[in-house]
Amino acid sequence: MNLLFVNWGAKLGPHIQCAFSILTAFKYAHCFEDYFVVTDCPEYYRFFGDRVKVIPVSSEQLKEWTGEENYMFNIKIKGIAHFNQLYPEKPILFVDSDTFFYNNPERLKRLLEEKKTIMHLNEGSFRSYVQRSRTAQRIFPILKKLDLGKYKITEDTCMFNSGVLGLPPGENLQHQIKEVLDLTEVLSKSNLKIHFQEQLAFSLVLQDNYELHTASDCVGHYWGNKQVWENEILLFLAKAQLEGLTIDQIVDNLSQFNFDHPVVCKKRIMNIRLNKLARKIFPDRLKYIRDLIE
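Summarised in this report is the structure supplied together with it. Since the model is a prediction, treat every value here as computed from it, not as a measurement. (Residues numbered from 1 in each chain as written. Predicted model: local features only at pLDDT ≥ 70, side-chain atom pairs only at ≥ 80, totals over all residues. Heavy atoms only, no water.)

Some details on helix 7 (residues 173–188)
- The first and last C-alpha atoms of helix 7 sit 22 Å apart over 16 residues, in line with the 22 Å expected at 1.5 Å per residue.
- Taken residue by residue, helix 7 has Leu173, Gln176, Ile177, Glu179, Val180, Leu181, Leu183, Thr184, Leu187 and Ser188 as its buried positions.
- The inward-facing, buried residues of helix 7 abut helix 3 (74–86), helix 6 (134–143), strand 9 (164–167) and helix 8 (197–209). (Helix = DSSP H or I, 4+ residues; strand = E, 2+ residues; numbered from the N terminus. Expected span 1.5 Å × (residues − 1). Buried < 20%, exposed > 50% of the residue type's maximum accessible area, 1.4 Å probe, protein only. Contact = heavy atoms within 4.5 Å.)

Spelled out as structure tokens, the structure:
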């Protein structure tokens with residue numbers, strides 16, 4: 001199978017995360033044919049040499065990919081479609097940049113060979129979602145009334161996390177990616193004020209057209225605690241650079257990395273408000289070099 005990332009923007013953080021995810025995948029190199037990154041910042045991947053194939057895209061192309069609704073995650077969908085157009089025969093294991101491999105992904109490879117699909121994990125049905133989320137209580141009555149063509153959202157509809165997307169090659173894949181885009185557009189125009197349109201769209205299309213499996217037993221996804229993970233990754237990679245380690249040595253050193261940080265850290269609203277108030281009442285005292293020399 002082929003590992004694919006779609007990563008964009010000049011902000012360095014997501015590219016650091018992506019580099020780390022690639023390094024963790026190198027540990028299981030026997031499972032992967034090639035590694036690809038679709039990006040508008042190819043310079044951030046020179047470190048990997050010819051071990052990672054970069055597919056460059058322009059900022060203008062990225063802007064076009066966001067569509068009329070200027071929905072950022074359309075770039076992810078269009079990037080996957082772009083890769084499939086370039087390599088229609090290749091099975092795709094797409095992962096978000098804020099991921100890491102912690103177990104052998106051989107099972108995922110077999111699933112793709114069997115023409116089955118993969119998402120990261122099953123986040124549950126709307127029945128359970130409504131019971132624990134005010135957002136779900138607000139949007140579910142709207143969602144179940146939307147005209148989504150052959151797709152319907154009911155209490156039994158499950159939403160899967162799209163941090164991992166395993167897509168086998170086939171004649172219908174481009175059509176199904178187009179269906180994901182169409183559903184995302186409808187959801188974006190429905191004034192739901194949600195950010196997970198593409199996740200819901202992929203969940204609907206893949207559940208309906210394929211046998212869908214999960215990948216959380218071998219891929220971690222720290223979408224809910226990025227700052228902690230990014231800081232630890234940055235220190236790990238900086239130390240490796242200072243020591244002049246090769247890529248293979250860095251991969252070997254992953255055994256020393258602490259993978260036990262929480263992947264989700266939900267902060268209480270009162271915690272956020274009190275911290276904000278404390279910073280306002282007791283602001284930090286800052287000194288700059290110009291203050292010290294005057």
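Digging into the packing of aromatic side chains
- Enumeration over the complete set of coordinates arrives at 23 aromatic pairs.
- Between the aromatic rings of Phe236 and Phe257, the centroid separation amounts to 5.5 Å while the plane-to-plane angle is 85°, which identifies the pairing as edge-to-face. You can see Phe236 sitting in helix 9 (residues 226–242) and its partner Phe257 sitting in the loop between helix 10 (247–253) and helix 11 (269–281), a full 21 residues away along the chain. Of the two residues examined, Phe236 and Phe257, each falls in the buried class.
- What links up through ring pairs into an aromatic cluster is the set Phe20, Phe100, Tyr102, Tyr222, Trp229, Phe236, Phe257 and Phe259.
- Above the plane of the ring of Phe26 lies Arg51, whose end atom (NZ or CZ) is 4.6 Å from the centre. (Phe/Tyr/Trp six-rings, centres within 6.5 Å; stacked < 30°, edge-to-face > 60°. Lys NZ or Arg CZ within 6 Å of the ring centre and 35° of its normal.)

Considering the environment of Lys116
- Along the chain, Lys116 turns up in the loop between helix 4 (106–113) and strand 6 (117–119).
- When the C-alpha atoms of Lys116 and Glu211 are compared, they prove to be 5.3 Å apart, with 95 residues separating the residues in sequence.
- In contact with Lys116, other than residues within four places in its own chain, are Leu111, Gly166, Pro168, Glu211 and His213.
- Among the polar contacts listed, one links the side chain of Lys116 to the side chain of Glu114, at a separation of 3.0 Å. (Polar contact = N/O pair within 3.5 Å; in protein donor to acceptor, adjacent residues only side chain to side chain.)

Some details on unusual backbone geometry
- In this structure, Asn70 takes a positive phi of about 55° despite not being glycine.
- The topology assignment puts Asn70 in the loop between helix 2 (59–65) and helix 3.
- Using a relative accessible area of 47% as the deciding quantity, one classes Asn70 as partly exposed.
- Despite not being glycine, Lys115 has its phi angle at roughly 65°, a positive value.

Re the environment of Pro14
- Among the structural elements, Pro14 can be located in helix 1 (residues 12–26).
- Residues Pro14 and Ala136, 122 residues apart in the sequence, show an inter-C-alpha distance of 28 Å.
- Setting aside residues up to four positions removed in sequence, Pro14 forms contacts with Asn7 and Ser97.

Re helix 8
- Across its 13 residues, helix 8 extends 18 Å between first and last C-alpha, which sits within 8% of the 18 Å expected from 1.5 Å per residue.
- Of all 13 residues in helix 8, 10 are buried; the element is thus mostly enclosed.
- The set of residues buried in helix 8 consists of Gln197, Glu198, Gln199, Leu200, Ala201, Phe202, Ser203, Leu204, Val205 and Leu206.

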